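Survey of secondary and tertiary structure
Next come the chains, spelled out residue by residue.
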Amino acid sequence: MDESYEHDLIIDKYNLDEECVMQPQRFNKWAALHIEMIAMRDRVKQQLTLARANADFHVRQLINQGKGKEINITKGTEADIKTAVDLDPKVIEAEENLIEANRKVGVFTVAREAFHDRKKELENLVQLWLSSYWADPRLASHRNNKEDKNDEEHRTVVTETMKRRSLKGTMK
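Residues numbered from 1 in each chain as written. Predicted model: local features only at pLDDT ≥ 70, side-chain atom pairs only at ≥ 80, totals over all residues. Heavy atoms only, no water.

Let's shift gears to the overall build of the protein chain. A count of helical and extended segments in the protein chain gives 5 helices and 0 strands. Secondary structure elements in the protein chain, listed N-terminal to C-terminal, are α-α-α-α-α. Taken across its 172 residues, the protein chain has 21% of its residues classed as buried. Considering only contacts within the protein chain whose residues lie at least 6 apart along the sequence, 75% involve residues at least 24 apart. Split by element, the accessible area of the protein chain, about 12,600 Å² in all, is 54% carbon and sulfur. (Helix = DSSP H or I, 4+ residues; strand = E, 2+ residues; numbered from the N terminus. Buried < 20%, exposed > 50% of the residue type's maximum accessible area, 1.4 Å probe, protein only. Contact = heavy atoms within 4.5 Å. Areas by Shrake-Rupley, 256 points an atom, 1.4 Å probe, with all protein chains shown as cover.)

Structure (structure tokens):
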């Protein structure tokens, strides 16, 4: 299963209407994947419980048959049995599977939270757009040359900043 959600997080600030329309679908996609990962982790937990129970049964059976030495158990104490269960290859494999399942749940939890943040960012960008943040500045005809020069410098700085931001957004 693909764990790369970064591409879906990118917002095209010049296409906010489409981004807002697609946000619920993108969120639902990653939320559903998150739920699937939790279910998968729960199945892995069940497999670990079953592996432990089987190993415990096998160890106790060997001890009862007087074959504890085959698994390096001499006394048959609960601590010895627990150690033998923990060293069982199927238990070790199930524990590693649980670690991987927990990692995947973590990734998809972060993805779900990132899409919550994306929604907030979209709302902020829409507010900026509504306040004409990206509109070209207009110069009043009655201003003097010094004010016009300052406005022109400001426009140049803003334009260059927006270009850099746009380039950063395309490089992700």
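Now that the structure has been shown, we can carry on.
Here we take up the pattern of salt bridges. Under the defined criterion, the tally for this structure stands at 10 salt bridges. In this structure, the salt-bridge partner of lysine 29 is aspartate 8, at a minimum N-O distance of 3.0 Å. Pair noted here: lysine 29 is in helix α2 (residues 16-64) and aspartate 8 is in helix α1 (residues 6-9), with a separation of 21 residues, a long-range link. Across the salt bridge formed by arginine 26 and glutamate 19, the nearest N and O atoms sit 3.1 Å from each other. Three or more residues are tied together by salt bridges with common partners; here these are Arg52, Lys82, Asp86 and Glu95. (Salt bridge = Lys/Arg side-chain N within 4 Å of Asp/Glu carboxyl O.)

Here helix α4 (residues 89-130) spans 62 Å end to end across 42 residues, near enough to the 62 Å set by a 1.5 Å rise per residue. Restricting attention to buried positions, one finds in α4 the residues Val91, Ala94, Leu98, Ala101, Val105, Phe108, Ala111, Ala114, Phe115, Arg118, Leu122 and Leu125. Taken together, the buried residues of α4 touch α1, α2 and α3 (78-86). One side-chain oxygen of the residue at the start of α4 lies 2.9 Å from the amide nitrogen of lysine 90, identifying that residue as aspartate 88. Just downstream of α4 lies serine 132, where phi reads positive at about 65°. (Expected span 1.5 Å × (residues − 1). Polar contact = N/O pair within 3.5 Å; in protein donor to acceptor, adjacent residues only side chain to side chain.)

Applying the stated rule across the entire model yields 3 aromatic pairs. Here tyrosine 5 and tryptophan 30 contribute two aromatic rings whose centre-to-centre distance is 5.9 Å and whose plane-to-plane angle is 70°, an arrangement assigned as edge-to-face. Pair noted here: tyrosine 5 is in the segment before α1 and tryptophan 30 is in helix α2, with a separation of 25 residues, a long-range link. On the basis of relative accessibility, which here comes to 12%, the residue tyrosine 5 falls in the buried class. The structure contains a cluster of three or more aromatic residues connected by ring pairs, namely Tyr5, Trp30, Phe108 and Phe115. (Phe/Tyr/Trp six-rings, centres within 6.5 Å; stacked < 30°, edge-to-face > 60°.)

This next bit is on α3. Along α3, the residues that are buried comprise Ile81, Ala84 and Val85. For α3, the arc enclosing every buried residue in end-on projection is 100°, short of the 170-degree limit, so these residues lie on one face. Along α3, the residues that are exposed and aim more than 90 degrees away from the buried face are Ala79 and Lys82. (Arc of directions from axis to C-beta.)

On to the packing of α2 against α3. Contact pair α2 / α3: the axes reach a minimum separation of 9 Å and the direction vectors enclose 130°. It follows that α2 is oblique to α3 by the angle criterion. Of the two elements, α2 crosses α3, and the hand of that crossing is right-handed. Across from Arg52, Ala55, Asp56, Val59, Arg60 and Ile63 in α2, the residues of α3 making contact are Glu78, Ile81, Ala84, Val85 and Asp86. Among the residues forming the contact of α2 with α3, the class breakdown is 6 nonpolar, no polar and 5 charged. (Axes fitted to C-alpha atoms, helices over the stretch in contact; angles between N-to-C directions. Parallel < 35°, antiparallel > 145°, perpendicular 65-115°, else oblique. Left-handed = near helix turned anticlockwise from the far one by under 90°. Nonpolar A, V, L, I, M, F, W, Y, C, P; charged D, E, K, R; others polar.)

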